[in-house]
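Below are the chains, spelled out letter by letter.
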Amino acid sequence: MTLTQTFVVRPIDGDVLDQLRQVDDAGRAPLPVLDADGGSPLRCCLKPSRPGERVLLVSYAPIRRWAAAHGVDPAAYDELGPVFIHAGACGGPDHTGYPADVGATPRVMRAYDGKGRIVDGRLVADGEDPEPVIDALLADERVAFVHARALAFGCFTFAIERTVSR
């Protein structure tokens, strides 16, 4: 039996990126950064920046934006966090699966319900296959979506939603 991908990874949406390039979710102008060494995690294409690349550092409120789109109150889950994005439009990720460029680093998976409240959380350890963790979280009928976050800094990495069942 062939298994089908049961989830889709979503970077920050292109329309949101256009807004963040003007004014971020904290109401500030984006901070231009010259990434001399490269390796900054870009939330637009889910790849690391290249050495010498100019990127933007912005404040992003993923639950606030999700809640507004779904007509719910984000309440205490309305948090801001720093993310790096390309200064201009990019091609986005190469696919909708788990990004290989973040596969080897630990992540916290936060599972949220349809009101934007955390209902579960799991650690994906360094080198661990993230897909079984994601599948287990999405198997819970209370879970509407999952956010992957960097373990060390807590920054939003990408959203994960259900797609095709097995």
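Residues numbered from 1 in each chain as written. Predicted model: local features only at pLDDT ≥ 70, side-chain atom pairs only at ≥ 80, totals over all residues. Heavy atoms only, no water.

J.: Looking at this structure, how should I read the sheet that holds strand S1 (residues 7-10)?
T.: Hydrogen bonds between backbone groups are what pair the strands of a sheet, and the pairing can be parallel or antiparallel. Pairing is antiparallel across the open sheet formed by 5 strands, whose spatial order is S1-S8-S7-S5-S6. This sheet does not close on itself; its edge strands, each paired only once, are S1 and strand S6 (118-124). The sheet shows a mean angle of 25 degrees between the axes of neighbouring strands, direction not considered. The pairing of strand S7 (residues 145-150) with strand S8 (residues 156-162) spans 4 bridges and is classified as antiparallel. Following the sheet pairing, Ala 148 is matched in S8 by Phe 158. The sheet strands contacting helix H2 (residues 62-70) are strand S5 (107-112), S7 and S8, and the helix crosses S7 at an angle near 165 degrees. Packing against the sheet, helix H3 (residues 130-139) makes contact with S1, S5, S6, S7 and S8, and its axis sits at approximately 170 degrees to S6. (Pairing = 2+ DSSP bridges. Helix = DSSP H or I, 4+ residues; strand = E, 2+ residues; numbered from the N terminus. Axes fitted to C-alpha atoms, helices over the stretch in contact; angles between N-to-C directions. Contact = heavy atoms within 4.5 Å.)

J.: Explain the pattern of salt bridges here, please?
T.: Two side chains bearing opposite charge may form a pair once their charged atoms approach each other closely. Applying the stated criterion across every chain, the model contains 10 salt bridges. Two residues, Arg 64 and Asp 78, come together in a salt bridge whose shortest N-O distance is 2.8 Å. You can see Arg 64 sitting in helix H2 and its partner Asp 78 sitting in the loop between H2 and strand S4 (81-86), a full 14 residues away along the chain. Measuring nitrogen to oxygen at the nearest pair gives 2.6 Å for the salt bridge that ties Arg 142 to Asp 140. Given the relative accessible area of 48%, Arg 142 is considered partly exposed. One salt-bridge network, held together by shared partners, links Glu 79, Arg 110 and Arg 149. (Salt bridge = Lys/Arg side-chain N within 4 Å of Asp/Glu carboxyl O. Buried < 20%, exposed > 50% of the residue type's maximum accessible area, 1.4 Å probe, protein only.)

J.: What's the story with the sheet that holds strand S3 (residues 53-60) in this structure? I'm lost.
T.: Read from one edge of the open sheet, 3 strands run S2-S3-S4, paired in antiparallel fashion. One side of each edge strand has no neighbouring strand; the edge strands of this open sheet are strand S2 (31-35) and S4. Strand-to-strand twist of the sheet, defined as the mean angle between neighbouring strand axes without regard to direction, takes the value 40 degrees. In this structure, S3 lies alongside S4, joined through 6 bridges in antiparallel fashion. Across the sheet, the residue bridging to Ser 59 is Pro 82, located in S4.

J.: I'm lost on H3 in this one. Help?
T.: Quick reminder: α-helices carry 3.6 residues per turn. Residues three or four places apart thus point the same way. Within H3, the full set of buried residues consists of Pro 130, Val 133, Ile 134, Asp 135, Leu 137 and Leu 138. Close packing links the buried residues of H3 with S1, S5, S6, S7 and S8. For H3, the N-terminal cap is Asp 129; the gap from its side-chain oxygen to the backbone nitrogen of Glu 131 is 3.1 Å. (Polar contact = N/O pair within 3.5 Å; in protein donor to acceptor, adjacent residues only side chain to side chain.)

J.: Help me understand the environment of Asp 101, please; the structure alone is not making it clear to me.
T.: Looking at the secondary structure, you find Asp 101 in the loop between S4 and S5. With 62 residues separating them along the chain, Asp 101 and Gly 39 place their C-alpha atoms 9.9 Å apart.

J.: Hey, could you run me through the nonpolar core in this one?
T.: One recurring pattern in soluble globular proteins: nonpolar side chains tend to sit buried together. In this structure, Met 109, Val 146, Phe 158 and Ile 160 are the most contacted members of the largest nonpolar core, which totals 17 residues. In terms of residues, this core owes the most to one element, H3, which gives 4 residues. Here Val 146 is in contact with Met 109, Arg 110, Ala 111, Leu 137, Leu 138, Phe 158, Ala 159 and Ile 160, once residues within four sequence places are set aside. Listed in part, the 15 residues of the second largest apolar core include Ile 12, Cys 44, Cys 45 and Ile 85. (Core = buried A, V, L, I, M, F, W, Y, C linked by side-chain atoms within 4.5 Å.)

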